[in-house]
Amino acid sequence: IKASIPEPQRAAWEKYAVKSFEGQEGFEREVVRHVETTLARSLFNCDEKAAYAATSLAFRDRLITDWNKTQQQHTYRDAKRVYYLSLEFLMGRALDNAMLNVGLKDTAKAGLADLGFRIEDIITQENDAALGNGGLGRLAACFLDSLASLDYPAWGYGLRYRYGIFKQEIIDGYQVEVPDYWLDFNPWEFPRHDVTVDIQFYGNVQKSADANGKTISVWDGGEVVQAVAYDVPIPGYATPTTNNLRLWSSKASGGEFDFQKFNNGDYESSVADQQRAETISAVLYPNDNLERGKELRLKQQYFWVAASLYDIVRRFKKSKRAWSEFPEQVAIQLNDTHPTLAIVELQRILIDVEGLDWDQAWAIVTNTFGYTNHTVLPEALEKWPVSLLQNLLPRHLQIIFDINLFFLQQVEKKFPDDRDMLRRVSIVEESQPKMIRMAYLAIVGSHKVNGVAELHSDLIQTTIFKDFVAIYGPDKFTNVTNGVTPRRWLHQANPRLSELIASKCGGNEFLTDLTNLSKLEQFVGDKDFRKEWAEIKYANKVRLAKHIKSTLGVTVNPAALFDIQVKRIHEYKRQQMNIFGVIHRYLTLKKMSPEERKKQLPRVSIFGGKAAPGYWMAKQIIHLINSVGSVVNNDADIGDLLKVIFLEDYNVSKAEIICPASDISEHISTAGTEASGTSNMKFVLNGGLIIGTCDGANIEITREVGENNIFLFGNLSEDVEDLRHAHTYGSHTIDSDLDAVFKEIEKGTFGTPHDFGALVAAVRQHGDYYLVSDDFHSYIETHRLVDEAYRNQDEWVSKCITAVARMGFFSSDRCINEYAESIWNVEPLPIKE
Ligand code: TH1
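Residues numbered from 1 in each chain as written. Predicted model: local features only at pLDDT ≥ 70, side-chain atom pairs only at ≥ 80, totals over all residues. Heavy atoms only, no water.

## Let's talk about the pairing of strand S23 (residues 689-692)
- What you see with S23 is no split at all: Leu689 and Ile691 on one side and Ile690 and Gly692 on the other are buried throughout.
- Sheet topology places strand S22 (residues 664-667) next to S23; 4 bridges connect them, and they run parallel. Residue pairing for S23: isoleucine 664 is matched across the bridge by leucine 689.
- At this point the chain moves from S22, through helix H27 (residues 679-685), to the parallel S23, and the crossover so formed is right-handed.
- Taken together, the 2 bridges between S23 and strand S24 (residues 711-712) define a ladder with parallel strand orientation. Bridged to glycine 692 within S24 is leucine 712.
- Handedness of the β-α-β unit built from S23, helix H28 (residues 698-705) and S24 comes out right-handed. (Buried < 20%, exposed > 50% of the residue type's maximum accessible area, 1.4 Å probe, protein only. Helix = DSSP H or I, 4+ residues; strand = E, 2+ residues; numbered from the N terminus. Pairing = 2+ DSSP bridges. Right-handed = clockwise from strand over helix to strand, strands pointing away.)

## What about the packing of aromatic side chains?
- Per the counting criterion, the structure on display carries 32 aromatic pairs.
- Relative to phenylalanine 468, the ring of phenylalanine 407 lies with its centre 5.9 Å away and its plane at 5°, an arrangement referred to as stacked. Separated by 61 residues along the polypeptide, phenylalanine 407 in helix H15 (residues 394-414) and phenylalanine 468 in helix H19 (residues 466-472) bring together distant segments of the chain. Side by side, phenylalanine 407 and phenylalanine 468 carry an identical accessibility label, which is buried. (Phe/Tyr/Trp six-rings, centres within 6.5 Å; stacked < 30°, edge-to-face > 60°.)

## Section: the sheet that holds S22
- Pairing in this open sheet of 6 strands is parallel, and the strands run S21-S20-S19-S22-S23-S24 from one edge to the other. Two strands in the sheet have a free side with no partner beyond their single neighbour: strand S21 (642-647) and S24.
- The pairing of strand S19 (residues 561-566) with S22 spans 2 bridges and is classified as parallel. Following the sheet pairing, aspartate 563 is matched in S22 by isoleucine 664.
- Contacts from helix H33 (residues 793-805) reach S22, S23 and S24 within the one sheet, and its direction differs from that of S23 by about 85°. (Contact = heavy atoms within 4.5 Å. Axes fitted to C-alpha atoms, helices over the stretch in contact; angles between N-to-C directions.)

## Structural notes on the side chain of aspartate 649
- Among the secondary structure elements, aspartate 649 is positioned in the loop between S21 and helix H26 (652-658).
- Polar side-chain contacts of aspartate 649 include one of 2.9 Å to the side chain of lysine 610.
- Apart from the residues lying within four places of it in its own chain, the contact partners of aspartate 649 are Phe166, Lys167, Gln168, Lys610 and Lys654. (Polar contact = N/O pair within 3.5 Å; in protein donor to acceptor, adjacent residues only side chain to side chain.)

## Side note on the nonpolar core
- The biggest cluster of nonpolar side chains holds 231 residues, and the ones touching the most others in it are Phe201, Trp248, Ile501, Trp533, Phe580, Ile745 and Trp824.
- Take this core: its biggest share by element is 11 residues, from helix H10 (residues 295-318).
- Ignoring sequence-local partners within four residues, the contact set of tryptophan 824 consists of Lys80, Val82, Leu147, Ala331, Gln333, Ile816 and Tyr819.
- Core analysis: the next-biggest nonpolar cluster, separate from the first, contains 21 residues, Ala51, Leu63, Leu112 and Ile122 among them. (Core = buried A, V, L, I, M, F, W, Y, C linked by side-chain atoms within 4.5 Å.)

## Thoughts on the pattern of salt bridges
- Under the counting rule described, the total for this entry stands at 59 salt bridges.
- The partner of lysine 541 in a salt bridge is aspartate 663, with the nearest N and O atoms 2.6 Å apart. Highlighted residues: lysine 541 in helix H22 (residues 527-552) and aspartate 663 in the loop between H26 and S22, separated in sequence by 122 residues. Neither lysine 541 nor aspartate 663 differs from the other in exposure class; each is buried.
- The partner of aspartate 649 in a salt bridge is lysine 654, and the shortest N-O contact between them spans 3.7 Å. (Salt bridge = Lys/Arg side-chain N within 4 Å of Asp/Glu carboxyl O.)

Structural data, given as structure tokens:
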């Protein structure tokens, strides 16, 4: 690397190379320097925002040195890289993470104290980077953390949304969306104004002949938008490896505005062009598990995918290798079907631009891509109208038709005379209007397809992708169960528990090899240890109680059982069942005599989560939760026995306070609907138990922690179809306890009954698609068991410790190692000093 600097200047460059600060003194010096120079603020006018800015800049400088070194070595050593393509990266805050990863949080804490600040107040100044909806986006963020921490050469590619997921306010019990303008000060990104790609849309395809008389397709005309790269350093934990997350921002091509138009006096339209271009990366689509088929969304997808592939191909070409070596240098993982156009784009580059023949190109493409499916919900499976693609990406549509043609020919050879098979698996759905099925395209264009938990991977192979297993054989399909990073979700979110664990497990090694947690199990019988454990849980509940008091003004008792459900609001996740259960609990308490009531266990039912702005039923659920809360929380008969809380604006940084504070958390989706879930893992890792259905990763959590340390209930996924059928075609009787809940709602106890009519009707009249009534009895019964178990605190704490000790499997490090070995074929490349 050094050889790139000419000999006479080398010594000077080496002599003046930036050295990272060391120790408290060095840190303070950097903070003060940034306040005075970078921020141009007087030292006597430094508020918490400025202190946050200066602290971040000091740590940022540290990251940059390692980042440069990492990127140089990865390039120089020419290793295979992983590219993780995701439309969502739910990163949360970066400063705390950076301080912990470089091992200098204590130094910073002391330094900030010396300068007159509390580190917690500084950390909380940062806006969350909230470029995602929920689990899918947070998984991508955990993966980046693990890739860097395990020294894999890897880049993430995404969009730099000007507005991330909206901020949620609750007004009169209803959700109100407020734009999340998070970029006013973001020290963690580096604009690369020299790294740009022109992206083409619309236009026409012409056939013409090349110099050798071979027919080629030329795509021209249409409009061009420029992609500008913004880079975000991704530090690994306790390693110099610092990977890159490249986010693309859209901009009018050829500068601010079109000077030709401008000079012709068409000022308005030249500005309009600029705004149209900037619209592409303006806002994250706020739907989780739902695809609405909007043209702008398709434009986002192509814009991001085309810029990323141009970048990847440009980097590969610098190595001067033969095209056939592309899959040995490049692994691209598709996070759901959102980046599926990358398959088509790479094929287009190889045949139209680089002049490879179809088969050679297609072998390269299929050996490069892997596809992860995250959902079986029909409303979330992407399909794009052929007409939309024809207009926006005419050449890509031709290539999709050809991919489909060759694929169907292959199918026909294997299954001669099976016309229905061809119809079923065709990438082009012969509907009115015709649609392109993106999941099928992703399967055909990849060498591996994986689900995100065992049940989910089995389900995709036996239901939605069954025919493809018959066509390709079972080896193309695999499972990689999700995981979460223990750095953020244990060490950062729950520092006291992390410290206690370290003291029993022989230091911090569990943070890089989570299976070390198993050493905890030998201390389950240790009374002092259990006491310390319980004290930490209590302190975490006090921290959440304070947050509730300061944000909602409601006092909750930290000694009560904290029962938490935080995740996107969705009918399949069944927050409605939870709130119906809470109403049942309220009615039961109301019926009791005061003496009997005194014997009951106090409980705080905590909800949090955003509803997609267009998802009316989800918004009704939020309204019901808040309405029940305002009745129950003000009922003198009830007092501390039951409180119902809806936490506003659930996001990553709030999850860091919430997860450590649960006694029990709810993961109660209709069996077969939640692909994995990842908050289930975070809650157990933080010493809370869970109540859950046999769905997604809950099943593997049960396998690991043991049936005695989890509360499972409800119907199994294999029974769901029959039950739904019976609701529609048989007689459908509602559970009697649930019926009593509905009657109470209809009496007006929680406000105008009409407001909640749709929630009741979904169960009573519209076939109860999510099986709320079928599961209600066992749900209530299982909550009774939870109360009973909680009364025996000694045993409860033992269960929690045992469960944590057995959670080693759910680290995203394990998960990334599985991807590396079974899908990407890449190895770690530790950075040399
Ligand atoms: C989620 C799944 O619902 C969840 O079960 C899983 O743990 C998580 O992905 C990570 O694997 C999904 N989020 C989305 C978001 C969109 C489309 C599909 C899914 S699936 C926009």
